[in-house]
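Read off the chains here:
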Amino acid sequence: MMESISLLKELVEIDSSTIEKANEVIDYLAAYLKNNGIHGKILEYKGYKSYVSTIGEGSKTLVLNGHLDVVSGKEEQFKPYIDGDRFYGRGSADMKGGVVAIVQAMIRLKKEPLNCKVMLQLVTDEEIGGFHCTRYLVEKGYIGDFVICTEPTNMTLSIQAKGIMRLDIVTNGFSAHGSRPWEGENAILKSMRNYEKIEKLPILRIGSEFYEKTSINLALIKGGDIYNRVPDHSFMGLDIRYVPHIDPEKIVKDIEEVVEGEVIVKVIEPGINVSVECEDLKNLMKVIKEVTGIDQVKTSGQHGSSDARFFTSIGVPAIEFGPIGEHWHGDSEYVTMSSVLNLENILVEYAKQFQ
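Below: a short report on this structure. (Residues numbered from 1 in each chain as written. Predicted model: local features only at pLDDT ≥ 70, side-chain atom pairs only at ≥ 80, totals over all residues. Heavy atoms only, no water.)

**Section: the overall build of the protein**
In step 1: Across its full length, the protein carries 9 helices and 17 strands.
In step 2: Principal-axis analysis of the C-alpha atoms gives the protein an extent of 80 × 45 × 40 Å.
In step 3: Taking all 355 residues of the protein together, the buried fraction comes to 51%.
In step 4: Within the protein, counting contacts between residues at least 6 apart in sequence, those at least 24 apart form 79% of the total.
In step 5: About 16,000 Å² of surface is accessible on the protein, with carbon and sulfur atoms providing 48% of the total.
In step 6: Seen as two clouds, the 39 positive and the 52 negative side-chain charges of the protein have centres 1 Å apart. (Helix = DSSP H or I, 4+ residues; strand = E, 2+ residues; numbered from the N terminus. Buried < 20%, exposed > 50% of the residue type's maximum accessible area, 1.4 Å probe, protein only. Contact = heavy atoms within 4.5 Å. Areas by Shrake-Rupley, 256 points an atom, 1.4 Å probe, with all protein chains shown as cover. Lys, Arg positive; Asp, Glu negative; His and termini not counted. Charge placed at Lys NZ, Arg CZ, Asp CG, Glu CD.)

**Considering the sheet that holds strand E16 (residues 325-326)**
In any sheet, the strands associate via hydrogen bonds between backbone groups, in a parallel or an antiparallel arrangement.
In step 1: Read from one edge to the other, the open sheet built from 4 strands follows the order E4-E5-E17-E16, with strand pairing classed as antiparallel. Two strands in the sheet have a free side with no partner beyond their single neighbour: strand E4 (81-83) and E16.
In step 2: Here 3 bridges tie E4 to strand E5 (residues 86-88), and the two strands are oriented antiparallel to one another. In the strand pairing of E5, Asp83 is matched with Arg86.
In step 3: In this fold helix H1 (residues 2-12) packs onto E4, E5 and strand E17 (334-336), with an angle of close to 20° to the strand it touches most, E5.
In step 4: Here helix H9 (residues 337-353) sits on the sheet in contact with E5 and E17, set at roughly 55° to E17. (Pairing = 2+ DSSP bridges. Axes fitted to C-alpha atoms, helices over the stretch in contact; angles between N-to-C directions.)

**Thoughts on the nonpolar core**
In step 1: Counting residues in hydrophobic clusters, the biggest one holds 80 residues, and the most contacted among them are Leu29, Leu122, Phe146, Ile148 and Ile319.
In step 2: For this core, the element with the most residues is helix H3 (residues 92-109), which contributes 11 residues.
In step 3: For Leu122, the residues in contact, after removing those within four places along its chain, are Ile26, Leu29, Leu33, Lys49, Ser50, Tyr51, Gly66, Leu68, Val99, Ile102 and Val103.
In step 4: Grouped together as the second largest cluster of nonpolar side chains are 20 residues, Leu201, Met236, Tyr242 and Ile246 included. (Core = buried A, V, L, I, M, F, W, Y, C linked by side-chain atoms within 4.5 Å.)

**Some details on the sheet that holds strand E12 (residues 262-269)**
In step 1: Strand order across the open sheet formed by 4 strands is E10-E11-E9-E12, with antiparallel pairing between neighbours. Where the open sheet ends on each side, the last strands, each with one partner, are strand E10 (215-223) and E12. The average angle at which neighbouring strand axes cross in this sheet is 15°, direction not considered.
In step 2: Two strands pair when backbone bridges link them, and strand E9 (residues 163-172) and E12 are joined in this way by 7 bridges, in the antiparallel orientation.

**Description of the packing of aromatic side chains**
In step 1: Taken as a whole and judged by the stated rule, the model has 6 aromatic pairs.
In step 2: Plain terms: the ring middles of Tyr88 and Tyr334 are 5.3 Å apart, the flat faces sit at 50° to each other, and that makes the pair tilted. Of the two residues, Tyr88 is situated in strand E5 and Tyr334 in strand E17; the sequence distance between them amounts to 246 residues. Assigned by exposure class, Tyr88 and Tyr334 land together as buried.
In step 3: One aromatic cluster is present, formed by Tyr81, Tyr88 and Tyr334 through successive ring pairs.
In step 4: The ring of Phe354 carries Lys60 above its face, with NZ or CZ at 4.6 Å from the centroid. (Phe/Tyr/Trp six-rings, centres within 6.5 Å; stacked < 30°, edge-to-face > 60°. Lys NZ or Arg CZ within 6 Å of the ring centre and 35° of its normal.)

**Let's talk about the pattern of salt bridges**
In step 1: Across all of its chains, the model carries 22 salt bridges by this definition.
In step 2: Put simply, Lys282 and Glu279 hold a salt bridge, and the shortest N to O gap is 3.1 Å. Of this pair, Lys282 and Glu279 both sit in helix H7 (residues 279-292), 3 residues apart, which is roughly one turn of the helix.
In step 3: What makes Glu279 partly exposed here is its relative accessible area of 49%.
In step 4: When salt bridges with common partners are traced through the structure, they connect Glu185, Lys190 and Glu260 into a single cluster. (Salt bridge = Lys/Arg side-chain N within 4 Å of Asp/Glu carboxyl O.)

**Describing unusual backbone geometry**
In step 1: In this structure, the amide linkage connecting Asp94 to the following residue, Met95, adopts the cis form with an omega of -10°.
In step 2: Inspection of the secondary structure puts Met95 in helix H3.
In step 3: Phi is positive for Asn154, close to 55°, though the residue is something other than glycine.
In step 4: One non-glycine residue with positive phi stands out, namely Met155, at about 65°.
In step 5: Mapped onto the elements of the fold, Met155 is located in the loop between strand E7 (146-149) and strand E8 (157-161).
In step 6: The class for Met155 is buried, based on a relative accessible area of 17%.

**Here's the deal with the pairing of strand E2 (residues 48-56)**
In step 1: Of all 9 residues that make up E2, 7 are buried, and the element is covered over most of its length.
In step 2: As paired strands, strand E1 (residues 41-45) and E2 are joined by 5 bridges and run antiparallel to one another. Paired with Tyr45 across the strands is Tyr48, a residue of E2.
In step 3: Hairpin connection, E1 to E2: the antiparallel pair is bridged by 2 residues, and Lys46 has positive phi, about 55°.

Pasting the structure below:
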């Protein structure tokens, strides 16, 4: 436990909200792992570093993936402290606590006669999309048969995550004097009506076991330039997080059919939907019960996205499973050290049985 606390303290003290510092953490952990008998390689793509190391022998590969970049924080958040079981600091939960668990698990597994390969992946750009690290690794063939991203899930198995869709909707009207609005066509009002129509679409009200429905965030709206003119142009930006079993192209089509204006698709990222019948997942549930002594392993779904989607998009089952904590991205972020240790023990035992 003390070794994990010490390592987490070192990691949290580095403000890895910048590319330079996130890369510095990669270098630090590469040296740390080398000093503990694990040799890997650092890959760099568009300035972002990733680290990959593989141990063991066997026909199947278990991938342990974690990110070292964090969202920005106040200066004092990079001065970690412990209160009982809670370890406070920026990135402690999201997700340097989970990284400590997979790093320490790898060091322990190096000494075990494994019947599989275990691949450690450490990356530096998950918080901004993961396109330069995990997606790059997947495209280069660094994949396996089952993937665990140790994001903070409060020790539940997150088997679903919403997909991401970002749309711009451009609406045009025509101008008139502000004192005679009936002589013009107000593009902002047309945007408002468009948003109301979108909210009522049946496809966006479909839910699942973990989600009531797809969420829509009206993130951006622009239009008009002076008070005394009817605006003839309006722009609306939507951040839509869709329930993962829904076809995103069908969502776009339904929106296009009800709005007045041009729909521009900026981003469509897949969701995650791993079947509870997946044998590797069922075996992980079994190991969790053995290690922790609990009777029932909880499953969950994430509203946000993660790098797991890059694996599931090519058919590799990938889940999020990580330690207990709260307030990630907030002022009082913490992770519990007991859950970090539990996670490490579970991963070690799971890897020993993985084949």
